[in-house]
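Next come the chains, spelled out residue by residue.
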Amino acid sequence: APPAAAAEMAETVRDSRRSEKPFQWRLHRNSTMTTSIGELVLFGLCPYGTVTRSMWSRNKLLEFKIVTAPSSKRASRARRSASALPLEDLGGAVLALVPQASALPDVLRSQKSARIPHFQESMEALEKNVMERKTIWRALMKPLTQTMLPGVPADVVWEIAETAQLTSTNEGSNIVTEGSFDEDLIVITEGVVSVERRTGWKDGKPMTAVVGRLFPGAIIGDMSLIGLGLSRIATARAKTCVSSVRIPAAGLLAVLDRYPGTIRSSQLWIQGSAEFLTSSLPTGTEVLRSLRLFAGCGMPFLSYLAGKGEHRIMDFDTLLVQEGSFHGILFVVEAGRCSVEVEGKGVVAEVPAGNCFGERTLLGATAANASVRVVTPFVIVYVVSIEMFEEALEEHPEEQEHFEQKKLEAVEGRVKGSRLRNAELFRFCSEPFLELLAESVFTRTYLPGQTVILEGDFEEDPRMFVLAGGHLSAEFEGKQVSLLPHGATFGELAFLGKSWTRAMTFRAVTLSTVLEVPRSAYDAALEEFPEEEQRFIEGVGQSLQGAAKVKWPFLQGADSRFVFLVDLHAGRKSFLAGDASLGSPPHTEAAILILSGTAAVVDGSGAEL
């Protein structure tokens, strides 16, 4: 089809949608065809059509070009007798357009179906799959087009349906379980669902409380929170026999990646979720302290730089860094996920929450060695530009030597982050050991109020936790006993085999990022690096010495490891002069050691005793 026939071909596309007959296009190499981008977007055919703001405009044209080149032998034959060769051998392409899937069996039957093995079985499977996709598509149309993705084209809903599965759940069985980490969306099509949350253990059995019910049309899960590593905040149990459609999170993101404009209809809702999370983020100083790049820097410098840095919300599909560009910005991902892409290789890595990138350009590297793009509905990043960084160094020149040394160190192209290095117990472990262990460490994000572990829980593969960002409360028998700061570790008793069940409940107070270290992963890493066990013990010993600086009078003579673990869970708080809250719950039910200052003991009338 020469370029002159483009308009006629575009008209043929429109005509074919009103007919039942499939047809073929045969295009020579370097041939082009052009049609209205509005038509392509209307039928959901163009992956990039929805990117433009004026998506229904007919002024812009989209050009397709066949660029496959023929081999030299075939090209030589083509010059001698082009008419004797199929167009495919000339380096062209054959495009088959089937208006309806139901017409495909008839097309294949008419094209020498006897040569196709198991043709009849294949056609029956195809027709069954088409009917199943139609059922899922119809079930998803209303919930998706009216709530989750308002106004999304039916063709895009069909692509989402192709990734989904029909499921059936018997009465009393769980559809999702509190604490599990799958991010799939589940649309209820039939039945009633009970929403329950765990409250503790009694007589060896878990106690739950019913917090609500769900009916057909309800969606379990939140598209705007996909990629944040959040656990299920409640259990959804089938109160009757329940039918549902499960949309895999990865499949949904893949469809949105092909049609990025479809998510814009939900932008206000997604923006609201991001702003809510931003209000609970750790402070800038806490963020910088968690990065290996700033390990060893003084607090005055970090506080000054944190005052210049800022949190930013980045939308889906936003290109944060262009390969080869000099952006001079350090990004710390606090929520969401980004992909790292290298030209010619595609996606080579991902940047989850708690990691950073851009150290090389912040320290003066000439160009970025990879592109970084947002691949979740949004990400929240903490940003420090090279201008902010240089201004902070001018105010605190004593830090110059620290960063000059960083420039001399080997800077790898991989994603960097603090992860385990800032945990007290792993401080003396070698880098190769921590890199191997980090491959099996999970990064989880918890919303305010979410439970990390519950008192009385038992785990076959116990985990130790490192608080990489935010604050957690430690509760015993339903009462808060301490507040864990950034960098704290917890769950050591079960991890070290000192307790079969969890002794305390830990809940997120702010948006919190937690690293989970399974005991099995630690044992596997020790098989590769057996000498690291002694270093781990040295790290524990060093922590014990640090803990010994706090003398608990009533714990004199107690086992040093026990004192160390008690001190890990003992929160530190500051009180202004005249603050009377020290004499009210929950402080009245805790052992309090005064580290500095003076407290007065008063009677009920306020008179000092």
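Residues numbered from 1 in each chain as written. Predicted model: local features only at pLDDT ≥ 70, side-chain atom pairs only at ≥ 80, totals over all residues. Heavy atoms only, no water.

As for the overall build of the protein
Part 1: The helix and strand tally for the protein stands at 18 helices and 28 strands.
Part 2: Counting all 609 residues of the protein, 44% fall into the buried class.
Part 3: Total accessible area computed for the protein in this model is approximately 32000 Å², and 53% of it derives from carbon and sulfur atoms. (Helix = DSSP H or I, 4+ residues; strand = E, 2+ residues; numbered from the N terminus. Buried < 20%, exposed > 50% of the residue type's maximum accessible area, 1.4 Å probe, protein only. Areas by Shrake-Rupley, 256 points an atom, 1.4 Å probe, with all protein chains shown as cover.)

Some remarks on helix 16 (residues 519-528)
Part 1: For helix 16, every residue scored as buried is listed here: Ala 521, Tyr 522, Ala 525 and Leu 526. One side of helix 16 carries all its buried residues, which in axial view fall inside an arc of 140°. (Arc of directions from axis to C-beta.)

Some remarks on the environment of Gly 227
Part 1: Turning to its location among the elements, Gly 227 is positioned in the loop between strand 10 (219-220) and strand 11 (235-238).
Part 2: Along the sequence, Gly 227 and Phe 378 sit 151 residues apart, while their C-alpha atoms lie 8.7 Å from each other.
Part 3: When residues no more than four places from it in sequence are discounted, the contact partners of Gly 227 are Glu 183, Gly 336, Arg 337 and Thr 376. (Contact = heavy atoms within 4.5 Å.)

Re the pattern of salt bridges
Note on pairing: side chains with opposite charge can pair once their charged atoms come close.
Part 1: Scanning the model with the defined rule gives 20 salt bridges in all.
Part 2: Its salt-bridge partner being Asp 182, residue Arg 232 comes within 2.6 Å of it at the nearest N-O pair. Separated by 50 residues along the polypeptide, Arg 232 in the loop between strand 10 and strand 11 and Asp 182 in the loop between strand 6 (174-176) and strand 7 (185-190) bring together distant segments of the chain.
Part 3: Put simply, Asp 523 and Arg 519 hold a salt bridge, and the shortest N to O gap is 3.1 Å. Here Arg 519 and Asp 523 lie together in helix 16, a separation of four residues that amounts to about one turn.
Part 4: The class for Asp 523 is partly exposed, based on a relative accessible area of 32%. (Salt bridge = Lys/Arg side-chain N within 4 Å of Asp/Glu carboxyl O.)

Observations regarding the confidence of the model for the protein
Regions with low pLDDT should not have their predicted coordinates read in detail.
Part 1: For the protein, the average pLDDT comes to 75, and 73% of its residues sit at 70 or higher.
Part 2: Contacts of residues 1-94 to residues separated by more than four positions or lying in other chains number 136 contacts, the stretch itself having pLDDT below 50.
Part 3: Below pLDDT 50 for its whole length, residues 411-418 participates in 20 contacts with residues either more than four positions away or in separate chains. (pLDDT = per-residue confidence, 0-100.)

Considering empty space enclosed by the protein
Part 1: Evaluation of the coordinates by the stated rule reveals four cavities of 30 Å³ or more.
Part 2: Taken as a whole, the largest cavity encloses approximately 190 Å³ of empty space.
Part 3: Ser 290, Gly 354, Ala 468, Gly 469 and Thr 513 are the residues nearest the centre of the largest cavity, which is lined by 20 residues in total.
Part 4: Looking at the lining of the largest cavity, the elements with two or more residues in it are helix 9 (284-289), strand 15 (329-335), strand 23 (463-469) and strand 28 (512-518).
Part 5: Broken down by element, the lining of the largest cavity gets its largest block of residues, three residues, from strand 15.
Part 6: Classifying every residue of the lining of the largest cavity gives nine nonpolar, eight polar and three charged. (1 Å grid on protein atoms, 1.4 Å probe; cavity = no way out; pocket = protein on both sides within 12 Å on 5 of 7 lines; lining within 4 Å. Points joined across faces, edges and corners; volume = space filled by probe spheres on them. Nonpolar A, V, L, I, M, F, W, Y, C, P; charged D, E, K, R; others polar.)

Notes on the packing of aromatic side chains
Part 1: In total, this model carries twelve aromatic pairs according to the counting rule given.
Part 2: Between Phe 294 and Phe 403 the ring centres are 5.8 Å apart and the planes differ by 70°, which places this aromatic pair in the edge-to-face class. Placement of Phe 294 in the loop between helix 9 and helix 10 (299-308) and of Phe 403 in helix 13 (residues 400-408) is noted, with a sequence separation of 109 residues between them. When sorted by exposure, Phe 294 lands in the same class as Phe 403, which is buried.
Part 3: Taking the centre distance of 5.1 Å and the plane angle of 20° together, the rings of Phe 331 and Phe 357 count as stacked. Pair noted here: Phe 331 is in strand 15 and Phe 357 is in strand 18 (residues 356-357), with a separation of 26 residues, a long-range link.
Part 4: By relative accessible area, which is 3% here, Phe 331 ends up buried.
Part 5: Its relative accessible area of 8% is what places Phe 357 among the buried residues. (Phe/Tyr/Trp six-rings, centres within 6.5 Å; stacked < 30°, edge-to-face > 60°.)

Here we look at the sheet that holds strand 22 (residues 451-453)
Part 1: Taken together, four strands build an open sheet; the order of strands is 22-27-24-25 and the sheet is antiparallel. With one partner strand each, in any of the chains shown, strand 22 and strand 25 (479-484) form the two edges of the open sheet. Pairs of neighbouring strands in the sheet enclose a mean axial angle of 30°, with direction left out of account.
Part 2: In the sheet, strand 24 (residues 472-476) pairs with strand 25 via five bridges, with the strands oriented antiparallel. (Pairing = 2+ DSSP bridges. Axes fitted to C-alpha atoms, helices over the stretch in contact; angles between N-to-C directions.)

Section: the packing of helix 14 (residues 431-438) against helix 16
Part 1: Relative to each other, helix 14 and helix 16 sit at 140°, their axes nearing to 9 Å. What the angle tells us is that helix 14 and helix 16 run oblique. Crossing of helix 14 against helix 16: the hand is right-handed. Touching Phe 433, Leu 436 and Leu 437 of helix 14 are Ala 521, Tyr 522, Ala 525, Leu 526 and Glu 528, all from helix 16.
Part 2: Its residues assigned to classes, the contact of helix 14 with helix 16 comprises seven nonpolar, no polar and one charged. (Parallel < 35°, antiparallel > 145°, perpendicular 65-115°, else oblique. Left-handed = near helix turned anticlockwise from the far one by under 90°.)

Regarding the sheet that holds strand 23
Strand pairing in a sheet relies on backbone hydrogen bonds. The paired strands run either parallel or antiparallel.
Part 1: Ordered by their spatial adjacency, four strands build an open sheet running 21-28-23-26, and the pairing between neighbours is antiparallel. The strands lining the two open edges of the sheet, one partner per strand, are strand 21 (442-446) and strand 26 (489-490).
Part 2: Two strands pair when backbone bridges link them, and strand 21 and strand 28 are joined in this way by five bridges, in the antiparallel orientation. Opposite Phe 442, over in strand 28, you have Glu 516 as the bridge partner.

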